Amino acid sequence: MSKRSSLGRGLDALLARPASDAHDDGPRTVKVDKLLRSSYQPRQHFEPTALAELAQSIRDKGVLQPLLVRPRGESFEIVAGERRWRAAQLAGLTEVPVVVRDLADREALEIAIIENLQREDLGPLEEARAYQALLDQGLSQEEVAQAVGKGRSTVTNALRLLALPTGVLTALEAGQITAGHARAILAQPDSDRAWALEQIRTRDLTVREAEALRRAAAPMIEPKASTTRPWRQLELDLSRRVGTRVKISGADKGKVELSYGSQEELDRILALLGHELE
(Lines give C-alpha, C1' and ligand atoms only; values in the text may rest on other atoms or scores of the structure.)
Protein backbone atom coordinates (compact mmCIF):
# COMPACT_ATOMS: atom_id res chain seq x y z
CA MET A 1 0.00 0.00 0.00
CA SER A 2 1.34 3.47 -0.78
CA LYS A 3 1.87 6.06 1.92
CA ARG A 4 -1.35 7.86 1.10
CA SER A 5 -3.23 4.59 0.48
CA SER A 6 -6.60 4.76 -1.25
CA LEU A 7 -8.02 7.22 1.26
CA GLY A 8 -7.22 10.29 -0.79
CA ARG A 9 -10.23 9.37 -2.96
CA GLY A 10 -12.50 9.13 0.09
CA LEU A 11 -14.40 6.30 1.75
CA ASP A 12 -17.13 6.25 -0.90
CA ALA A 13 -14.52 5.63 -3.60
CA LEU A 14 -13.11 2.74 -1.57
CA LEU A 15 -16.55 1.15 -1.19
CA ALA A 16 -17.12 1.43 -4.93
CA ARG A 17 -13.71 0.24 -6.15
CA PRO A 18 -13.67 -2.69 -8.58
CA ALA A 19 -13.52 -6.20 -7.18
CA SER A 20 -9.95 -7.53 -6.92
CA ASP A 21 -10.33 -10.85 -5.10
CA ALA A 22 -12.81 -13.50 -4.05
CA HIS A 23 -14.23 -11.35 -1.26
CA ASP A 24 -14.65 -8.15 -3.31
CA ASP A 25 -17.94 -9.15 -4.88
CA GLY A 26 -20.14 -6.11 -4.28
CA PRO A 27 -22.70 -5.37 -1.55
CA ARG A 28 -24.41 -8.25 0.24
CA THR A 29 -26.49 -8.66 3.39
CA VAL A 30 -25.05 -10.22 6.53
CA LYS A 31 -26.72 -11.14 9.82
CA VAL A 32 -25.90 -8.61 12.53
CA ASP A 33 -24.70 -11.36 14.88
CA LYS A 34 -22.02 -12.31 12.32
CA LEU A 35 -20.40 -8.88 12.63
CA LEU A 36 -17.60 -8.17 15.08
CA ARG A 37 -16.50 -4.85 16.54
CA SER A 38 -13.03 -3.87 15.30
CA SER A 39 -10.14 -3.56 17.70
CA TYR A 40 -9.07 -0.62 15.51
CA GLN A 41 -12.23 1.41 16.12
CA PRO A 42 -10.90 4.74 17.45
CA ARG A 43 -14.24 5.92 18.83
CA GLN A 44 -15.00 4.59 22.31
CA HIS A 45 -18.13 6.58 23.15
CA PHE A 46 -21.38 6.40 21.17
CA GLU A 47 -23.78 9.14 22.25
CA PRO A 48 -27.07 7.39 23.17
CA THR A 49 -29.41 10.14 21.90
CA ALA A 50 -27.70 10.36 18.51
CA LEU A 51 -27.70 6.56 18.27
CA ALA A 52 -31.44 6.47 19.01
CA GLU A 53 -32.08 9.09 16.32
CA LEU A 54 -30.11 7.06 13.78
CA ALA A 55 -32.06 3.95 14.78
CA GLN A 56 -35.33 5.76 14.05
CA SER A 57 -33.98 6.87 10.68
CA ILE A 58 -33.05 3.27 9.90
CA ARG A 59 -36.55 2.11 10.84
CA ASP A 60 -37.97 4.64 8.39
CA LYS A 61 -35.51 4.35 5.50
CA GLY A 62 -33.22 1.40 6.15
CA VAL A 63 -29.41 1.38 6.18
CA LEU A 64 -28.56 3.67 3.25
CA GLN A 65 -24.79 3.03 3.10
CA PRO A 66 -23.30 -0.47 3.40
CA LEU A 67 -20.88 -1.19 6.22
CA LEU A 68 -17.29 -1.88 5.19
CA VAL A 69 -16.07 -5.18 6.66
CA ARG A 70 -13.25 -7.66 6.29
CA PRO A 71 -13.47 -11.45 6.67
CA ARG A 72 -12.62 -13.04 10.01
CA GLY A 73 -13.22 -16.79 9.76
CA GLU A 74 -16.97 -17.37 9.60
CA SER A 75 -17.63 -13.81 10.74
CA PHE A 76 -16.75 -10.31 9.56
CA GLU A 77 -14.91 -7.51 11.35
CA ILE A 78 -16.39 -4.01 10.97
CA VAL A 79 -13.89 -1.58 9.45
CA ALA A 80 -16.30 1.34 8.93
CA GLY A 81 -19.91 1.58 10.07
CA GLU A 82 -20.02 0.41 13.69
CA ARG A 83 -22.45 3.21 14.57
CA ARG A 84 -24.84 2.03 11.82
CA TRP A 85 -24.48 -1.56 13.07
CA ARG A 86 -25.37 -0.56 16.63
CA ALA A 87 -28.30 1.57 15.47
CA ALA A 88 -29.56 -1.21 13.19
CA GLN A 89 -29.74 -3.54 16.19
CA LEU A 90 -31.63 -0.89 18.16
CA ALA A 91 -34.02 -0.61 15.21
CA GLY A 92 -34.64 -4.38 15.35
CA LEU A 93 -32.89 -5.32 12.10
CA THR A 94 -31.42 -8.81 11.84
CA GLU A 95 -29.41 -8.15 8.66
CA VAL A 96 -27.46 -5.18 7.28
CA PRO A 97 -25.83 -4.47 3.91
CA VAL A 98 -22.04 -4.80 3.79
CA VAL A 99 -19.17 -4.58 1.36
CA VAL A 100 -16.42 -7.11 2.04
CA ARG A 101 -12.80 -6.15 1.44
CA ASP A 102 -9.52 -7.93 2.24
CA LEU A 103 -7.69 -5.18 4.11
CA ALA A 104 -4.40 -5.13 5.99
CA ASP A 105 -4.41 -3.93 9.59
CA ARG A 106 -2.87 -0.56 8.74
CA GLU A 107 -5.37 0.15 5.98
CA ALA A 108 -8.27 -0.90 8.22
CA LEU A 109 -7.05 1.47 10.92
CA GLU A 110 -6.66 4.38 8.48
CA ILE A 111 -10.16 3.85 7.11
CA ALA A 112 -11.69 3.71 10.60
CA ILE A 113 -9.98 6.98 11.53
CA ILE A 114 -10.97 8.71 8.30
CA GLU A 115 -14.63 7.71 8.59
CA ASN A 116 -14.85 9.18 12.09
CA LEU A 117 -12.89 12.34 11.26
CA GLN A 118 -15.11 12.99 8.24
CA ARG A 119 -18.13 12.85 10.54
CA GLU A 120 -16.36 14.82 13.33
CA ASP A 121 -17.19 11.99 15.71
CA LEU A 122 -13.86 11.61 17.49
CA GLY A 123 -13.09 13.27 20.79
CA PRO A 124 -9.63 14.84 21.20
CA LEU A 125 -8.21 11.86 23.07
CA GLU A 126 -9.77 9.34 20.69
CA GLU A 127 -8.17 11.22 17.80
CA ALA A 128 -4.78 11.32 19.56
CA ARG A 129 -4.89 7.61 20.35
CA ALA A 130 -5.86 6.84 16.77
CA TYR A 131 -2.82 8.74 15.49
CA GLN A 132 -0.64 6.91 18.01
CA ALA A 133 -2.01 3.59 16.75
CA LEU A 134 -0.87 4.53 13.22
CA LEU A 135 2.56 5.42 14.57
CA ASP A 136 2.63 2.00 16.22
CA GLN A 137 2.04 0.51 12.75
CA GLY A 138 5.35 2.02 11.68
CA LEU A 139 4.27 5.31 10.10
CA SER A 140 6.07 8.58 10.75
CA GLN A 141 4.10 11.65 11.88
CA GLU A 142 4.35 13.02 8.35
CA GLU A 143 2.93 9.79 6.92
CA VAL A 144 0.12 9.80 9.50
CA ALA A 145 -0.77 13.36 8.50
CA GLN A 146 -0.81 12.40 4.81
CA ALA A 147 -2.87 9.27 5.45
CA VAL A 148 -5.63 11.09 7.35
CA GLY A 149 -5.54 14.31 5.33
CA LYS A 150 -4.45 16.54 8.21
CA GLY A 151 -1.55 18.96 8.67
CA ARG A 152 1.45 17.58 10.50
CA SER A 153 1.10 20.23 13.24
CA THR A 154 -2.48 19.04 13.86
CA VAL A 155 -1.24 15.49 14.37
CA THR A 156 1.67 16.63 16.55
CA ASN A 157 -0.54 18.79 18.79
CA ALA A 158 -3.07 15.99 19.17
CA LEU A 159 -0.37 13.49 20.18
CA ARG A 160 1.00 15.89 22.81
CA LEU A 161 -2.22 15.45 24.80
CA LEU A 162 -1.23 11.85 25.57
CA ALA A 163 1.61 13.19 27.75
CA LEU A 164 -0.86 14.71 30.25
CA PRO A 165 -1.29 13.24 33.75
CA THR A 166 -3.99 10.63 34.24
CA GLY A 167 -6.26 13.03 36.16
CA VAL A 168 -6.22 15.54 33.30
CA LEU A 169 -6.87 12.82 30.72
CA THR A 170 -9.82 11.58 32.77
CA ALA A 171 -11.29 15.10 33.01
CA LEU A 172 -10.85 15.64 29.27
CA GLU A 173 -12.44 12.32 28.40
CA ALA A 174 -15.38 13.06 30.71
CA GLY A 175 -15.95 16.43 29.06
CA GLN A 176 -15.13 18.36 32.25
CA ILE A 177 -12.47 20.36 30.37
CA THR A 178 -11.90 21.03 26.67
CA ALA A 179 -8.90 20.27 24.49
CA GLY A 180 -8.00 23.97 24.77
CA HIS A 181 -7.91 23.67 28.56
CA ALA A 182 -5.82 20.51 28.25
CA ARG A 183 -3.27 22.28 26.03
CA ALA A 184 -3.09 25.13 28.55
CA ILE A 185 -2.36 22.58 31.29
CA LEU A 186 0.28 20.99 29.05
CA ALA A 187 2.08 24.36 28.89
CA GLN A 188 2.48 24.32 32.68
CA PRO A 189 5.55 22.81 34.38
CA ASP A 190 5.04 19.13 35.21
CA SER A 191 4.75 19.90 38.93
CA ASP A 192 1.96 22.45 38.36
CA ARG A 193 -0.34 20.50 36.04
CA ALA A 194 -2.52 18.97 38.77
CA TRP A 195 -2.79 22.43 40.36
CA ALA A 196 -3.78 23.98 37.01
CA LEU A 197 -6.53 21.37 36.54
CA GLU A 198 -7.89 22.14 40.02
CA GLN A 199 -7.89 25.88 39.26
CA ILE A 200 -9.73 25.38 35.96
CA ARG A 201 -12.40 23.17 37.48
CA THR A 202 -13.00 24.99 40.77
CA ARG A 203 -12.94 28.49 39.23
CA ASP A 204 -14.65 27.49 35.97
CA LEU A 205 -11.94 29.20 33.93
CA THR A 206 -12.21 29.88 30.21
CA VAL A 207 -9.43 28.62 27.93
CA ARG A 208 -7.97 32.13 27.78
CA GLU A 209 -7.95 32.37 31.57
CA ALA A 210 -6.38 28.91 31.80
CA GLU A 211 -3.62 29.97 29.42
CA ALA A 212 -2.86 32.93 31.70
CA LEU A 213 -2.57 30.78 34.84
CA ARG A 214 0.72 31.17 36.67
CA ARG A 215 1.38 29.55 39.99
CA ALA A 216 2.90 31.80 42.63
CA ALA A 217 6.66 31.40 42.85
CA ALA A 218 8.07 29.68 45.89
CA PRO A 219 8.71 32.21 48.64
CA MET A 220 12.22 33.64 48.72
CA ILE A 221 14.38 32.87 51.73
CA GLU A 222 14.38 36.01 53.83
CA PRO A 223 17.08 37.21 56.21
CA LYS A 224 16.67 36.01 59.74
CA ALA A 225 14.80 38.47 61.92
CA SER A 226 14.03 38.71 65.56
CA THR A 227 10.37 38.05 64.82
CA THR A 228 8.63 35.93 62.17
CA ARG A 229 6.09 37.34 59.72
CA PRO A 230 2.64 36.50 61.12
CA TRP A 231 0.91 36.42 57.72
CA ARG A 232 3.13 33.94 55.83
CA GLN A 233 0.63 31.06 55.74
CA LEU A 234 -2.22 33.38 54.79
CA GLU A 235 -0.05 34.80 51.98
CA LEU A 236 0.58 31.30 50.65
CA ASP A 237 -3.11 30.36 50.84
CA LEU A 238 -4.17 33.52 49.01
CA SER A 239 -1.43 33.07 46.40
CA ARG A 240 -2.73 29.61 45.55
CA ARG A 241 -6.30 30.90 45.45
CA VAL A 242 -5.73 33.80 43.06
CA GLY A 243 -2.84 32.29 41.10
CA THR A 244 -0.34 35.09 41.75
CA ARG A 245 2.03 36.26 44.48
CA VAL A 246 0.40 37.93 47.51
CA LYS A 247 2.22 39.96 50.17
CA ILE A 248 0.71 41.20 53.44
CA SER A 249 2.48 43.79 55.58
CA GLY A 250 1.58 45.51 58.83
CA ALA A 251 -0.27 44.36 61.91
CA ASP A 252 -3.30 46.40 63.02
CA LYS A 253 -2.84 48.49 59.87
CA GLY A 254 -1.06 47.57 56.68
CA LYS A 255 -1.61 46.57 53.10
CA VAL A 256 -2.21 43.54 50.85
CA GLU A 257 -0.23 43.46 47.59
CA LEU A 258 -1.11 41.26 44.60
CA SER A 259 1.53 40.96 41.89
CA TYR A 260 0.77 40.69 38.18
CA GLY A 261 2.95 40.39 35.11
CA SER A 262 0.64 41.51 32.29
CA GLN A 263 -2.56 43.41 31.56
CA GLU A 264 -4.27 40.07 30.94
CA GLU A 265 -3.28 38.79 34.37
CA LEU A 266 -4.45 42.06 35.99
CA ASP A 267 -7.82 41.71 34.24
CA ARG A 268 -8.12 38.16 35.58
CA ILE A 269 -7.35 39.28 39.16
CA LEU A 270 -9.84 42.16 38.94
CA ALA A 271 -12.50 39.75 37.68
CA LEU A 272 -11.85 37.47 40.65
CA LEU A 273 -12.37 40.48 42.94
CA GLY A 274 -15.74 41.16 41.31
CA HIS A 275 -14.68 44.18 39.25
CA GLU A 276 -16.73 44.43 36.05
CA LEU A 277 -14.47 45.20 33.07
CA GLU A 278 -15.89 47.52 30.45
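To be clear, the structure that these remarks concern was listed above.
Heads up: these notes are all about the structure in this document. (Residues numbered from 1 in each chain as written. Predicted model: local features only at pLDDT ≥ 70, side-chain atom pairs only at ≥ 80, totals over all residues. Heavy atoms only, no water.)

1. Brief notes about the pattern of salt bridges
The criterion, for reference: One side-chain nitrogen of Lys or Arg within 4 Å of one carboxyl oxygen of Asp or Glu is enough to make a salt bridge. Think of it in three bands: with a 1.4 Å probe and only protein chains considered, a residue is buried below 20% of the maximum accessible area for its type, exposed above 50%, and partly exposed in between.
Summed over all chains, the structure comprises 11 salt bridges. Measuring nitrogen to oxygen at the nearest pair gives 2.5 Å for the salt bridge that ties glutamate 77 to arginine 70. Overall, glutamate 77 belongs to the buried group, its relative accessible area being 9%. Residue arginine 70 is classed as buried on the basis of its relative accessible area, which comes to 2%. With its nearest N and O atoms 2.7 Å apart, the salt bridge here joins arginine 129 to glutamate 173.

2. Topic: the sheet that holds strand 4 (residues 75-80)
Going by this rule: Each pair of strands is called paired provided DSSP finds at least two bridges between the two strands. Secondary structure elements are taken from DSSP: a helix is a run of H or I of four residues or more, a strand is a run of E of two residues or more, and numbering for both begins at the N terminus. When checking whether two residues touch, look at their non-hydrogen atoms; a contact exists if any pair is within 4.5 Å. Here, axes are lines fitted to C-alpha atoms. For helices the fit covers the stretch in contact, and angles between N-to-C directions go from 0 to 180 degrees.
The sheet built from five strands is open, its strands ordered 1-5-3-4-2 with mixed pairing. Looking at the sheet topology across the chains shown, the edges are occupied by strand 1 (28-31) and strand 2 (35-36). Note: strand 1 against strand 5 (residues 95-100), four bridges, orientation antiparallel. Paired with arginine 28 across the strands is valine 98, a residue of strand 5. Contacting strand 2, strand 3 (67-72), strand 4 and strand 5, helix 3 (residues 82-90) crosses the sheet at an angle of about 120° to strand 4.

3. Topic: the pairing of strand 6 (residues 246-250)
Strand direction decides the pairing type here: strand 6 and strand 7 (residues 254-258), joined by five bridges, are antiparallel. Paired with glycine 250 across the two strands is glycine 254, which belongs to strand 7. Taking the residues between adjacent antiparallel strands as the criterion, strand 6 and strand 7 are bridged by three residues.

4. A closer look at the packing of helix 5 (residues 124-136) against helix 7 (residues 152-160)
For clarity, the threshold we go by: What sets the label is the angle itself: under 35 degrees gives roughly parallel, over 145 gives roughly antiparallel, 65 to 115 gives roughly perpendicular, and the rest give oblique. Three classes are used, and their members are as follows: Ala, Val, Leu, Ile, Met, Phe, Trp, Tyr, Cys and Pro are nonpolar, Asp, Glu, Lys and Arg are charged, and the others, Gly among them, are polar.
Between helix 5 and helix 7, whose axes approach to 8 Å, the crossing angle comes to 105°. Relative to helix 7, the element helix 5 is oriented roughly perpendicular. For the pair helix 5 and helix 7, contact is made by Glu127, Ala128, Tyr131, Gln132 and Leu135 and by Thr154, Val155, Ala158 and Leu159, respectively. Across the contact of helix 5 with helix 7, the residue classes break down as six nonpolar, two polar and one charged.

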